[in-house]
Amino acid sequence: MPTHPVLVVHGGAWAMPDDMVDAHIRGVNNALAAGWRVLNGDRGGSALDAVEEAVVILEDDETFDAGRGSFLNRDGKVQLDALIMDGATLRAGGVGCVERLRNPVRAARKILSESPHVYFVAEGAERFAAEHGIELCQNEDLIIPREVERLRAYQAAQSVSKQDGNDLFAPTSHDVTISHDTVGAIALDRNGNIAAATSTGGTLNKAPGRLGDSSLIGCGCYANNESAAVSTTGWGEPIMKLVLAKWTADRIQAGNLPEWSAQEAMNYLKQRLNGHGGIIVLNPEGHIGIAHNTPRMAWAYKTVKKEEAGIERTSMQ
Ligand code: ASP
């Protein structure tokens with residue numbers, strides 16, 4: 001039975017300052033428009049194509065921590081992670097710690113479509129991408145002055161804090177004022193299939209080789225037609241430990257609505273590991289959930305009847 005398409009995107013969850021709100025809303029709206037053109041065009045594209053196109057727009061937008069303009073790791077390099085997953089077949093493609101791809105989600109999609117494997121990291125992922133027609137860039141092409149300055153300021157504060165014997169800036173103590181601008185998209189197409197994609201530069205000043213939740217199946221991204229499509233953002237280590245995207249999908253498979261399940265996931269993240277972040281959720285019936293336990297989250301969604309974008313949504317819809 002044909003279904004009405006639905007698309008939801010996000011661009012991170014944290015205490016976004018007022019002067020960054022417009023850029024975030026503009027960014028998620030642009031991604032929504034691009035994904036919707038695929039999903040609701042004449043040919044009624046697939047959910048998988050729609051989430052890929054939406055995430056490409058977000059990766060290309062320097063507002064977000066994905067693609068060019070991402071946070072720098074401790075060595076001053078951009079290292080990117082991304083995952084895309086098809087809820088109909090459970091096919092998935094992931095890349096981790098890539099340094100020479102402008103759009104890691106494109107490489108992830110190639111893995112999903114053209115490889116018997118599911119996940120590639122570092123040079124092996126870049127080699128796979130190049131062999132499948134994706135142009136490699138230099139790491140410097142992904143670095144922007146804003147992020148060089150952000151890393152410099154962070155590392156300077158860290159060394160002052162260490163001299164004072166203060167552990168405030170240790171990598172394990174995160175607070176919501178540290179930006180989390182990971183991006184993601186989830187979609188339902190006319191054939192009733194759902195899909196999800198998440199892409200990130202990870203966390204500021206991360207150790208080289210550190211992989212977050214975003215590109216791990218069931219942690220930062222998940223899609224299964226029997227339950228839900230999910231994308232998360234936030235402090236990755238707690239999200240990973242809780243396998244939070246799959247945890248949320250399981251609640252939906254058990255009969256709960258996405259609205260409730262998304263909020264429950266944020267409560268669980270906070271209560272169990274004092275984690276923070278945001279989540280978008282969609283079931284094959286087209287019900288959506290958007291929740292965060294941070295002051296703000298950039299999100300936007302569109303259905304055939306309604307379109308909305310925003311920055312604050314802390315309670316159940
Ligand atoms: N979850 C991402 C990570 O830990 C960061 C983020 O969402 O901004 O890599």
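Look above for the structure.
Definitions and limits used
- Residues numbered from 1 in each chain as written.
- Predicted model: local features only at pLDDT ≥ 70, side-chain atom pairs only at ≥ 80, totals over all residues.
- Heavy atoms only, no water.
- Phe/Tyr/Trp six-rings, centres within 6.5 Å; stacked < 30°, edge-to-face > 60°.
- Buried < 20%, exposed > 50% of the residue type's maximum accessible area, 1.4 Å probe, protein only.
- Helix = DSSP H or I, 4+ residues; strand = E, 2+ residues; numbered from the N terminus.
- Lys NZ or Arg CZ within 6 Å of the ring centre and 35° of its normal.
- Near = heavy atom within 4 Å.
- Polar contact = N/O pair within 3.5 Å; in protein donor to acceptor, adjacent residues only side chain to side chain.
- Areas by Shrake-Rupley, 256 points an atom, 1.4 Å probe, with all protein chains shown as cover.
- Core = buried A, V, L, I, M, F, W, Y, C linked by side-chain atoms within 4.5 Å.
- Contact = heavy atoms within 4.5 Å.
- Salt bridge = Lys/Arg side-chain N within 4 Å of Asp/Glu carboxyl O.
- Axes fitted to C-alpha atoms, helices over the stretch in contact; angles between N-to-C directions.
- Parallel < 35°, antiparallel > 145°, perpendicular 65-115°, else oblique.
- Left-handed = near helix turned anticlockwise from the far one by under 90°.

Caption draft 1: Structural context of the packing of aromatic side chains. Within this structure, the stated rule accounts for three aromatic pairs. With a centroid separation of 4.7 Å and 35 degrees between ring planes, the pair formed by Phe120 and Phe128 is classed as tilted. Look at Phe120 and you get buried, because its relative accessible area is 16%. Ring centres 4.5 Å apart and planes at 15 degrees place the aromatic pair Trp247 and Tyr268 in the stacked group. Remark: Tyr268 occurs in helix 8 (residues 258–273) and Trp247 occurs in helix 7 (residues 244–253); sequence separation between them is 21 residues. Judged by relative accessible area, which is 15%, Trp247 ranks as buried. The ring of Trp247 has Arg251 lying over it, and the distance from NZ or CZ to the ring centre is 3.9 Å.

Caption draft 2: Spatial organisation of the site of the ligand. Close contacts around the ligand come from 13 residues, with Thr182, Arg210, Asp213, Thr233 and Gly234 the closest. Between Thr182 and the ligand, the recorded distance is 2.7 Å, taken from a side-chain N or O atom to an oxygen atom. Within the backbone of Gly234, an N or O atom sits 2.6 Å from a nitrogen atom of the ligand. In isolation the ligand has 270 Å² of accessible area, and contact with the protein removes 100% of it.

Caption draft 3: Geometry of the nonpolar core. Counting residues in each nonpolar core, the largest one holds 37 residues, and the members touching the most others are Val8, Leu244, Ile279 and Ile290. It is helix 7 that provides the largest number of residues to this core, a total of five residues. Residue contacts for Ile279: discarding those within four places in its chain leaves Val230, Ser231, Thr232, Thr248, Ala262, Ala265, Met266, Gly289, Ile290, Ala291 and Met297. By size, the runner-up hydrophobic cluster in this structure holds 32 residues, among which are Leu48, Val105, Ala195 and Ala197.

Caption draft 4: Expanded view of the pattern of salt bridges. Counting across every chain of the model gives 18 salt bridges. Among the salt bridges present, the one from Arg296 reaches Asp18, with a minimum N-O distance of 2.9 Å. One end of the pair, Arg296, is in strand 11 (residues 296–303); the other, Asp18, is in the loop between strand 1 (6–14) and helix 1 (21–39), and 278 residues separate them in sequence. On the basis of relative accessibility, which here comes to 15%, the residue Arg296 falls in the buried class. A relative accessible area of 62% means that Asp18 is categorised as exposed. When the shortest N-O distance is used, the salt bridge between Glu149 and Arg152 registers 2.8 Å. Separated by three residues within a single helix, Glu149 and Arg152 lie in helix 5 (residues 145–163), roughly one turn from each other.

Caption draft 5: Highlighting the packing of helix 7 against helix 8. It is at 9 Å that the axes of helix 7 and helix 8 come closest, and there the two elements cross at 140 degrees. By the criterion of interaxial angle, the relationship of helix 7 to helix 8 is oblique. Two packed elements cross with a definite hand, and for helix 7 against helix 8 that hand is right-handed. Each of Leu244, Trp247, Thr248, Arg251 and Ile252 in helix 7 lies in contact with helix 8, whose residues at this interface are Pro258, Trp260, Ser261, Ala262, Glu264, Ala265, Met266, Tyr268 and Leu269.

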